[in-house]
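A closer look at the structure
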Amino acid sequence: MLLMERVADMPVLDKYNRILDALKTLLEKKELNSISVSEIAQTAGIAKGSIYYYFSSKDAIIEALVERSYASSIDTARHLAKQTDIPSFTRMALIFQTCRNSSAAFLGQKDVAENVNMQEKAMLHQKYLRYIITELKPVLTEIIQQAIETGEISFDQPAALAEIVLLVLTVKLDNTLIPSSQEEIEETISGLISLLGKATKHPEGSLNFLTLPAF
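Residues numbered from 1 in each chain as written. Predicted model: local features only at pLDDT ≥ 70, side-chain atom pairs only at ≥ 80, totals over all residues. Heavy atoms only, no water.

Now for a negative patch on the surface. Among the surface-exposed residues, Glu183, Glu184, Glu186 and Glu187 lie close enough to one another that they form a single negatively charged patch. Tracing the backbone shows Glu183 in helix H9 (residues 182–199). Of the residues examined, Glu183 reaches a relative accessible area of 62% and is grouped as exposed. (Patch = residues over 30% accessible without salt bridge, like charges linked within 9 Å, V, L, I, M, F, W, Y side chains within 5 Å. Areas by Shrake-Rupley, 256 points an atom, 1.4 Å probe, with all protein chains shown as cover. Salt bridge = Lys/Arg side-chain N within 4 Å of Asp/Glu carboxyl O. Lys, Arg positive; Asp, Glu negative; His and termini not counted. Charge placed at Lys NZ, Arg CZ, Asp CG, Glu CD. Helix = DSSP H or I, 4+ residues; strand = E, 2+ residues; numbered from the N terminus. Buried < 20%, exposed > 50% of the residue type's maximum accessible area, 1.4 Å probe, protein only.)

Take the packing of aromatic side chains next. Taken as a whole and assessed by the stated rule, the structure comprises 4 aromatic pairs. Consider the rings of Tyr53 and Tyr54, whose centres lie 4.9 Å apart with planes at 85°: the pair is edge-to-face. With 6.5 Å between their ring centres and 40° between their planes, Tyr54 and Phe55 make a pair best called tilted. Of the two residues, Tyr54 and Phe55, both sit in the buried class. (Phe/Tyr/Trp six-rings, centres within 6.5 Å; stacked < 30°, edge-to-face > 60°.)

We now examine the confidence of the model for the protein. Within the protein, residue pLDDT values average 80, and 80% of them lie at 70 or more. No element of the protein has a lower mean pLDDT than helix H6 (residues 110–115), which averages 51, and none a higher one than helix H2 (residues 37–44), which averages 94. Within the model, pLDDT remains below 50 along residues 1–10, and this stretch shows 11 contacts once partners closer than five positions in the same chain are excluded. (pLDDT = per-residue confidence, 0-100. Contact = heavy atoms within 4.5 Å.)

Time to look at the pattern of salt bridges. Overall, the coordinates contain 10 salt bridges when judged by the stated rule. The shortest N-O distance in the salt bridge between Lys30 and Glu39 comes to 2.4 Å. Classification of Glu39 by relative accessible area gives partly exposed; the value is 22%. A salt bridge links Glu163 to Lys137; the nearest nitrogen and oxygen atoms lie 2.5 Å apart. Residue Glu163 is located in helix H8 (residues 158–174), and its partner Lys137 is located in helix H7 (residues 118–150); the two are separated by 26 residues in the primary sequence. A relative accessible area of 31% places Glu163 in the partly exposed class. A network of salt bridges, in which partner residues are shared, links Asp59, Glu63, Lys127 and Arg130.

This is the structure we're talking about:
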């Protein structure tokens, strides 16, 4: 559960966000492994001891920054899951695009990209992937279950299908854990869409709109 969900009064939430803003600012100037909790506190304009009221470690601050960066995308995904008047696969495509745009916006910032080395960037991406898969699996499962009930999808394991789709899409489109050429990415996504179409008994080519531009 997000710490933000447990914070009620605005002064406390303000400090919480100042800590996250401070880390984000420091990432524009320094490598992640050289940033200390003391520097984060100084940049945020609060006492170092105060940080531990909100976070147990620097790693916890990083994870919270990841979560905050995706908060809007996850909310959008949950909202879309309820829009049963929109075709299931259209909702899925919208969710994928929204979250990928959010990831690109955060990790693709010029200053951050220049100051975060490859190992640190991979670590940040791993946190993004874990968070996205964890948060979106129940959302996609709900969408698939709705589609099964209406006959739009013919499949008897909605949670498994949601996880398979998320694992393939996030890992391949993120393209940091297993670096691939554009051609290899397109081939993998095309294969996933083909299998998805067969598993859900959709006509060949009818799900090609799920193919999204890579980063």
